[in-house]
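Residue-level listing of the chains:
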Amino acid sequence: MDPRVHEHAEILVDWSARVESGDNVVLSVAEGAHDLAVAVAEALGERGANLLATYDSDELARAYLRGHDGDFDADPAHELALVANADVYLRLGGGRNTTATADVPSETRQAYRRARTEIREARMDTDWVSTVHPTRSLAQQAGMAYDEYREFVYIAVLRDWESLADEMAQLKTILDEGSEIHIEKSETDLWLSIENRTAVNSAASVDYDSHNLPSGEVFTAPADAEGTVVFDVPMTVDATRLRDVRLTFEDGEVVDYAAAQGEAVLEEILDTDAGARRLGELGIGMNRGIDRVTDSILFDEKMGETVHLAVGRAYDACLPDGETGNQSAVHTDLITDMSGESTLSVDGEVIQRNGTFRWENGFGGRT
């Protein structure tokens, strides 16, 4: 086995999930992620955790969803009990076909999401972490040779996370102290309220309220939004390509939308429920080990010189105690490239110009 697989597993178990002896761990293993699952299982055994592994297959999900009449029982007790009794939930992504569920009717997908609301919330109450094992299907989706893709994944994952956390802390402080964000670039003019919000220094560890490996972003939950934003980084959502998505917000809600490709799927997402037309997240990518778009949100949203917004559910870590943020059955991220002519300002001060932060070489002033 490639020794980097074991290193990946060690980071996931120790740095990311902080697994301790006696923890009940659910390990969800996608097709093609067997090697990483073996390495993780070994690490969990060495730490005295209690392991229960489940099989996560898009082809299996397709068969079930297409066979069902769409009238799903709400939060089946056996599934809810599994995650409700877990201390840690680890998801190892992979797969054989990244568009395996492309022919599942949208109304079926939406009904299934809505029927799993309590299960989803229970899973998010655990120390959950998602990562991926490099597979040939993911390499193909990224437009890369398999060996090239493996190198890319491990450069992004096997990082000095403590050093990156220290760098990202600078941006977290700015956002925590700020009230209003303004994003400007061609066709984008968007104002976001972040007053009384807490930014998350997403350094790939639950100790930082971070649940992705790799990570490398600072994110918060906007309280309000006004203006228009164009997302020019293509991505696949619900096995459908989305390209050049345009959203217009008034009083925090999407009032107009369009897409050069995949507009029907965009409409389905926004119509999932009332919360799907409001923002749950603003994220600013800071992982410069991710240097290209791969059509995987796990990587692309963390890429340096990008900003992403998610319609749907907000994360509690960004909210004041006792406050309930935006609720939705979806959390769909959309990305815009900030490497060209662009500015990101907080309370009137430019903190990023053309993808470069004010503490980096090449920023060129602070006006």
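Here the structure is a predicted model, which is why all the values come from computation and not from measurement.

## Notes on the packing of aromatic side chains
Here the structure, examined in full by the defined rule, presents eight aromatic pairs. Consider the rings of Y64 and Y112, whose centres lie 6.4 Å apart with planes at 75 degrees: the pair is edge-to-face. Of the two residues, Y64 is situated in helix α3 (residues 58-67) and Y112 in helix α5 (residues 106-115); the sequence distance between them amounts to 48 residues. Given a relative accessible area of 26%, Y112 falls into the partly exposed group. Three or more aromatic residues link up through ring pairs in this structure, and these residues are Y64, F72 and Y112. Here the basic side chain of R136 rests over the ring of Y146, its NZ or CZ set 4.1 Å away from the ring centre. Residue placement shows R353 over the ring face of F363; its charged tip is 4.8 Å from the ring centre.

## Let's talk about the sheet that holds strand β13 (residues 279-285)
One key point about sheets: their strands pair by backbone hydrogen bonds, in either a parallel or an antiparallel sense. Read across the sheet, five strands follow the order β7-β8-β13-β14-β15 without closing on themselves; strand pairing throughout is antiparallel. Here the strands that pair on one side only, and so sit at the sheet edges, are β7 (200-202) and β15 (331-337). Strand-to-strand twist across the sheet, computed as the mean angle between neighbouring axes with direction ignored, equals 25 degrees. With five bridges joining them, β13 and strand β14 (residues 306-312) adopt antiparallel strand pairing. For I284, the partnering residue across the bridge sits in β14 and is V307.

## Topic: the packing of helix α1 (residues 3-16) against helix α2 (residues 34-46)
Between α1 and α2, whose axes approach to 8 Å, the crossing angle comes to 50 degrees. For the element pair α1 / α2, the angle class is oblique. Pair α1 / α2 crosses with right-handed handedness. Side by side, α1 and α2 meet where V5, H6, H8, A9, E10, L12 and V13 of the first sit next to D35, L36, A39, V40, E42, A43, L44 and E46 of the second. Taken together, the residues of the contact of α1 with α2 sort by class into nine nonpolar, two polar and four charged.

## Description of the layout of surface pockets
Put simply, the second largest pocket is a space of about 160 Å³. Around the second largest pocket sit 14 residues that line it, and P222, A223, R278, L279 and N326 are the ones nearest its centre. Looking at the lining of the second largest pocket residue by residue, the classes come out as seven nonpolar, four polar and three charged.

## A closer look at the pattern of salt bridges
For the structure shown, the criterion picks out 32 salt bridges. Notably, a salt bridge pairs E151 with R4, separated by 2.9 Å at the nearest N-O pair. Pair noted here: E151 is in helix α8 (residues 146-157) and R4 is in helix α1, with a separation of 147 residues, a long-range link. Residue classification places E151 among the partly exposed residues on the basis of a relative accessible area of 40%. The salt bridge involving E187 is made with R246; its shortest N-O contact spans 2.4 Å. One end of the pair, E187, is in the loop between β5 (180-185) and β6 (188-193); the other, R246, is in strand β11 (residues 240-250), with 59 residues separating them in the sequence. The class of R246 is partly exposed, set by a relative accessible area of 31%. Among the charged side chains, a network of salt bridges with common partners joins D2, R4, D147, R150 and E151.

## Some words on unusual backbone geometry
Both trends apply: most residues other than glycine have a negative phi, and most peptide bonds are in trans. Of note, the bond from L213 into P214 is cis; its omega dihedral lies within 30 degrees of zero at 5 degrees. Position of P214 relative to the elements: it lies in the loop between β7 and β8 (217-220). Located in the positive-phi region is D295, a residue other than glycine, with phi close to 60 degrees. Looking at where D295 falls in the secondary structure, it is placed in the loop between β13 and α11 (297-300).

## Thoughts on the side chain of Q352
Residue placement: Q352 occurs in strand β17 (residues 349-353). When its relative accessible area of 1% is taken as the criterion, Q352 is described as buried.

Cut-offs used in this document
- Residues numbered from 1 in each chain as written.
- Predicted model: local features only at pLDDT ≥ 70, side-chain atom pairs only at ≥ 80, totals over all residues.
- Heavy atoms only, no water.
- Phe/Tyr/Trp six-rings, centres within 6.5 Å; stacked < 30°, edge-to-face > 60°.
- Helix = DSSP H or I, 4+ residues; strand = E, 2+ residues; numbered from the N terminus.
- Buried < 20%, exposed > 50% of the residue type's maximum accessible area, 1.4 Å probe, protein only.
- Lys NZ or Arg CZ within 6 Å of the ring centre and 35° of its normal.
- Pairing = 2+ DSSP bridges.
- Axes fitted to C-alpha atoms, helices over the stretch in contact; angles between N-to-C directions.
- Parallel < 35°, antiparallel > 145°, perpendicular 65-115°, else oblique.
- Left-handed = near helix turned anticlockwise from the far one by under 90°.
- Contact = heavy atoms within 4.5 Å.
- Nonpolar A, V, L, I, M, F, W, Y, C, P; charged D, E, K, R; others polar.
- 1 Å grid on protein atoms, 1.4 Å probe; cavity = no way out; pocket = protein on both sides within 12 Å on 5 of 7 lines; lining within 4 Å.
- Points joined across faces, edges and corners; volume = space filled by probe spheres on them.
- Salt bridge = Lys/Arg side-chain N within 4 Å of Asp/Glu carboxyl O.

These figures capture arrangement, not role.
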